[in-house]
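Analysis of the macromolecular model
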Amino acid sequence: MPFTNMSLPIFLLWLVSIPFLAHSSPSQPRGTLVSCGSSTKQSIPDTSLSYIPDDGFINVGNKTTLESNDLLPILSTLRYFPQKSARKYCYTFQVIRGGKYLVRTIYFYGGFDGGKQPPVFDQIIGGTKWSVVNTTEDYANGMSSYYEIIIGAHAKTLSVCVARSNQTAANSSPFISAIEVLSLEDSMYNSTDFRTQALVAVARSAFGNEDSISFPDDPYYRLWQPFTDKNEVVSTQTIVSSSDFWNKPPEKAFSKATAGGVGKKLEIQWPSGSLQSTRYYVSLYFQDNRAASANAWRVFSVAVNGKTFYNNLNVSTGGVTIYSAAWPLSGPTTITLTPDAKSSAGPLINAGEVYQILPFGRRTLAKDVAVMEELARNLDNPPLDWVGDPCLPQENSWTGVSCSVKDTVARIISLDLSNAGISGTLPLTIDNLSALHHLWLGGNKFSGSIPEMNSLLKLETLHLENNNFTGEIPQSLGELPSLREVLLQNNNLEGSVPEQLATKQGLKLQVSPGNHLSK
């Protein structure tokens with residue numbers, strides 16, 4: 001599914017393309033700013049912003065520094081992922097469950113691999129494919145690329161991943177330059193059900209402005225791109241309060257507007273480009289630019305692609321927002337503002353936001369996730385992609401993990417790490433994988449005891465042969481109704497084979513050689 005990415009010149013990246021007022025604003029936005037591939041803290045020149053190295057958020061991939069002295073610090077390094085055995089490469093961030101976050105990923109290729117074209121690959125957030133990352137056109141035009149999404153946190157951690165796809169060339173590697181995870185107020189974008197949806201940024205613009213607006217003018221570190229066209233630009237004579245609006249647009253977004261003449265329609269082609277046919281969150285912002293007056297009257301109707309969006313909108317000096325939580329858009333978009341016949345001034349518009357609605361409800365059962373995360377911690381050398389959602393997206397599940405998906409919940413049904421050179425122990429919580437049919441860990445270096453498996457009522461095959469397990473064979477194995485094959489040979493098990501297991505009809509059981517079992 002294609003999504004719109006956004007770009008800016010690499011030497012005037014929006015992070016530093018506006019004047020920063022560090023003396024009157026917080027030194028950092030609320031959240032985490034990460035410079036990928038960097039080994040030291042990166043400060044953005046002429047600002048108070050700083051990015052921390054990414055080592056604490058990921059344990060896979062290679063670092064590199066681009067050969068250029070003119071790049072912004074966060075574009076001068078990157079992390080790339082040549083390890084083809086991994087199904088995804090994930091960063092993990094600590095978040096507040098139920099919180100709302102804007103996540104931004106930034107990419108600048110820079111020819112790090114000696115090639116001339118950037119690789120094309122997927123990016124994933126949580127268990128959902130977010131978009132295809134294709135920075136080819138931006139890079140050819142001397143641009144960096146960035147992608148944004150607004151999501152709700154379903155757990156205490158949030159994973160941001162890149163992954164190979166069928167569009168990734170065999171000799172290329174996914175990469176990433178920077179990641180920003182920014183906390184938003186609960187009131188913002190609250191018409192969206194973030195339990196089941198996310199908002200993928202398509203456009204966020206300040207009309208009539210020639211410069212970008214970002215932090216600290218927007219304390220939530222949103223970028224409001226400049227937008228001008230052939231229409232007139234007017235400046236405001238009054239100041240609005242950002243706190244009066246749910247989405248808290250920055251006051252500076254109201255400083256100018258694109259305007260039409262008295263009695264004349266105003267048409268704006270925005271967002272630029274052609275949109276995929278689906279539903280979008282659309283929010284538009286207006287303020288009467290004149291000084292407050294009892295006789296002022298600025299009323300107009302708003303249409304999007306010829307369909308009425310809002311009738312008889314009365315725009316005051318205090319400002320007003322109109323929005324749709326799920327508006328259908330397709331192809332080019334035209335916003336038409338038609339003035340009321342009695343209006344004393346023509347229509348105008350200050351700013352707007354458009355987000356594509358992304359279904360975001362599917363995830364792996366929390367109990368299964370907890371087990372797999374504990375198992376990963378118990379292993380000395382887990383597979384490189386054992387981070388993020390174990391099951392989703394299904395084509396990017398963890399190595400050796402197979403899942404079933406019913407409705408919105410995924411369950412782990414098979415775990416196969418046979419002959420993978422893995423060492424570690426099995427946690428007691430393995431018994432919580434109640435949908436598991438097959439557990440194959442043979443040919444590794446597992447040690448410790450074999451946990452009881454009372455709850456694995458669907459388990460059909462258990463392969464633990466050729467490891468270093470010690471202790472006794474769990475009694476619970478003989479009580480599992482679906483079990484038909486158990487391989488335990490060549491371990492260091494002691495005691496006796498449980499009678500129910502030894503006499504179970506139709507069961508293939510192999511416990512020798514290599515154990516110390518009594519008859």
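None of the values given here were measured: they were computed from a predicted structure. (Residues numbered from 1 in each chain as written. Predicted model: local features only at pLDDT ≥ 70, side-chain atom pairs only at ≥ 80, totals over all residues. Heavy atoms only, no water.)

**Considering the sheet that holds strand E19 (residues 266-269)**
Each strand in a sheet pairs with its neighbour through backbone hydrogen bonds, running either in the same direction (parallel) or in the opposite one (antiparallel). Spatially, E19-E24-E21-E22 is the arrangement adopted by the four strands of the open sheet, whose pairing is antiparallel. Both edges of this open sheet fall to E19 and strand E22 (307-314), since each of them pairs with a single strand only. Sheet twist, expressed as the mean angle between neighbouring strand axes with direction ignored, is 15 degrees. In this sheet, strand E24 (residues 334-339) lies alongside strand E21 (residues 299-304) in antiparallel orientation, the contact comprising five bridges. (Pairing = 2+ DSSP bridges. Helix = DSSP H or I, 4+ residues; strand = E, 2+ residues; numbered from the N terminus. Axes fitted to C-alpha atoms, helices over the stretch in contact; angles between N-to-C directions.)

**A few points about the pattern of salt bridges**
Between side chains of opposite charge, pairing is possible as soon as their charged atoms come close. Taken as a whole, this structure holds 16 salt bridges when the rule is applied. A salt bridge links Arg104 to Glu148; the nearest nitrogen and oxygen atoms lie 2.8 Å apart. Residue Arg104 is found in strand E8 (residues 100-107), and its partner Glu148 is found in strand E11 (residues 143-152); the two are separated by 44 residues along the sequence. We note that Arg104, like Glu148, is buried. The partner of Asp217 in a salt bridge is Lys252, and the shortest N-O contact between them spans 3.9 Å. Here Lys252 lies in the loop between strand E17 (232-235) and strand E18 (256-259) and Asp217 lies in the loop between strand E15 (197-207) and strand E16 (225-227), a separation of 35 residues in the sequence. When its relative accessible area of 24% is taken as the criterion, Asp217 is described as partly exposed. One salt-bridge network, held together by shared partners, links Arg104, Glu148, Glu180, Arg204 and Glu353. (Salt bridge = Lys/Arg side-chain N within 4 Å of Asp/Glu carboxyl O. Buried < 20%, exposed > 50% of the residue type's maximum accessible area, 1.4 Å probe, protein only.)

**A look at the state of the cysteines**
Under the defined criterion, the tally for this structure stands at two disulfides. One disulfide bridge connects Cys90 with Cys161, the sulfur atoms lying 2.2 Å from each other. Classification of the bridge connecting Cys90 and Cys161 rests on its S-S torsion, roughly 100 degrees, and on that basis the disulfide is right-handed. With Cys90 in strand E7 (residues 89-94) and Cys161 in strand E12 (residues 157-163), the pair connects residues that are 71 residues apart, well separated along the chain. A residue is classified by how much of its surface remains accessible, and Cys90, at 4% relative accessible area, is buried. Classification of Cys161 as buried rests on a relative accessible area of 1%. One disulfide in the model links Cys391 with Cys403; its S-S distance is 2.0 Å. Here the S-S torsion is close to -80 degrees, and the disulfide linking Cys391 with Cys403 is therefore left-handed. Of this pair, Cys391 sits in the loop between helix H3 (366-378) and strand E28 (401-406) while Cys403 sits in strand E28, placing them 12 residues apart in sequence. (Disulfide = S-S within 2.5 Å.)

**Concerning the side chain of Ser165**
Here Ser165 lies in the loop between E12 and strand E13 (175-176). For Ser165, the residues in contact, after removing those within four places along its chain, are Val120, Phe121 and Asp122. (Contact = heavy atoms within 4.5 Å.)

Note that all results are geometric; they support no functional claim without further evidence.
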